[in-house]
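# Report on the structure
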Amino acid sequence: MSRLHCIVAAALAAAALVPALISTPAAAQGPKPAVTLDSVLNFFIYDSGLMRMHFTDVAFAPEGAVNASVAIRDGGGAEIASWSYYEDYRVRQAVFGRMSPNNQAQHTFAAGDYALEFVIAGETATRIPFSVETHSTSDDPFNPGTKLKFVGPWQKWAYLAPNGQDADSAAAIHFWAGKSDFDGDGRPPATYARVYRNGTLIAHSNPRTGDIWTKPAQRSRYFFQKPHEAAKSHLAPNVTIADLSQDGAYRITIDVVETGETIREFAYRAEGGKIVPHPRTVLGHQPRTEYIPPRVPVFGGSTYEFTEAHWIAAP
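Now for a look at the structure at hand. Note that the structure is a prediction, hence the values are computed from the model and not measured.

## Here we look at the sheet that holds strand β6 (residues 79-84)
The strand order across the open sheet formed by 5 strands is β6-β5-β10-β11-β12, and the pairing between neighbours is antiparallel. In this open sheet, the two edge strands, each paired with only one partner strand, are β6 and β12 (145-151). Strand-to-strand twist across the sheet, computed as the mean angle between neighbouring axes with direction ignored, equals 25°. Summarising the sheet, strand β10 (residues 112-120) and strand β11 (residues 123-138) pair through 9 bridges and their orientation is antiparallel. Its bridge partner being in β11, Ile 120 is matched across the sheet by Glu 123.

## A few points about the sheet that holds strand β9 (residues 106-108)
Adjacent strands of a sheet pair through backbone hydrogen bonds, lying either parallel or antiparallel. Strand order in the open sheet formed by 3 strands is β2-β3-β9, with antiparallel pairing between adjacent strands. One side of each edge strand has no neighbouring strand; the edge strands of this open sheet are β2 (44-45) and β9. Two strands pair when backbone bridges link them, and strand β3 (residues 50-52) and β9 are joined in this way by 3 bridges, in the antiparallel orientation. Paired with Arg 52 across the two strands is Gln 106, which belongs to β9.

## What to know about the side chain of His 174
Secondary-structure assignment places His 174 in strand β14 (residues 171-177). Looking at His 174, its side chain comes within polar contact range of the side chain of Arg 219, at 3.1 Å. Dropping the residues within four chain positions of it, His 174 is found in contact with Ala 158, Tyr 159, Arg 219, Ser 220, Arg 221 and Phe 299.

## Points about the layout of surface pockets
Looking at the largest pocket, its volume works out to about 510 Å³. For the largest pocket, the lining is made up of 27 residues, of which Asp 38, Asn 42, His 54, Arg 98 and Arg 219 are closest to its centre. Among the secondary structure elements, those contributing two or more residues to the lining of the largest pocket are α2 (37-41), β2 and β17 (218-223). The leading source of residues in the lining of the largest pocket is α2, at 3 residues. Residue composition of the lining of the largest pocket, grouped by class: 14 nonpolar, 7 polar and 6 charged.

The rules behind the values
- Residues numbered from 1 in each chain as written.
- Predicted model: local features only at pLDDT ≥ 70, side-chain atom pairs only at ≥ 80, totals over all residues.
- Heavy atoms only, no water.
- Pairing = 2+ DSSP bridges.
- Helix = DSSP H or I, 4+ residues; strand = E, 2+ residues; numbered from the N terminus.
- Axes fitted to C-alpha atoms, helices over the stretch in contact; angles between N-to-C directions.
- Polar contact = N/O pair within 3.5 Å; in protein donor to acceptor, adjacent residues only side chain to side chain.
- Contact = heavy atoms within 4.5 Å.
- 1 Å grid on protein atoms, 1.4 Å probe; cavity = no way out; pocket = protein on both sides within 12 Å on 5 of 7 lines; lining within 4 Å.
- Points joined across faces, edges and corners; volume = space filled by probe spheres on them.
- Nonpolar A, V, L, I, M, F, W, Y, C, P; charged D, E, K, R; others polar.

Function cannot be inferred from these measures alone, as they are strictly geometric.
This is the structure we're talking about:
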């Protein structure tokens, strides 16, 4: 082969490598950013229709400065309001980062359909639709007004997680509920959680300690034990995540102790000794704006660490 032919062949080989080199960074990007559901559910909401946004956790948080915003859109897709986040994460751990709005991010809603849209690095990362409905209207001339209720992920989602790191830790359900689930202005009635496998009661929380918050919707956490009399909760064995992973169809209800009224119901399946993940928690789920990272901050922890969460939904 002549020297000219060698030079041409080398040039062609180098050119053939260019597409591969160009595509390598894209392939190395990994999963796209996604806002964690629990951080949004922890936004403050009030029966006046006010929502106050605050710390927002994002999985697969981009390196460097935060380039993110949150917008409120109405049912027709029009933007009502938006806020950017501070350029610096408050804290980072592994692929997670905690963002904070750089202004007082709050909005008072009227009844209607809405969505929160989180844009990170120029792309819509997460979209959470919800509605605001009229809950009650006062006919008291000395205390007039209408109370509103936020309807959407607060009623639809909950997650299961162990209370500790050892295998004998009691499993707990984390859900969001409050006075907006009941009529009147008094303290919400006592509630407790029950777990059914294939229609048979296998666990419940302590009926004597189940109180939800007097706010419209806030996180509640109930631990599971083997079925027992209320006065003997201290003797009842814990029910673990392993117990809740035995094969079968599961139904979990949050019930009013006194009346038996069910205010929440969730369902999932377990196969092969594992909880079948909800499709929206599987990495790569499409559309990506509906993806729910199956991780949450360690509840009550003093450091910014994440643990596995089994998100379950209303049937």
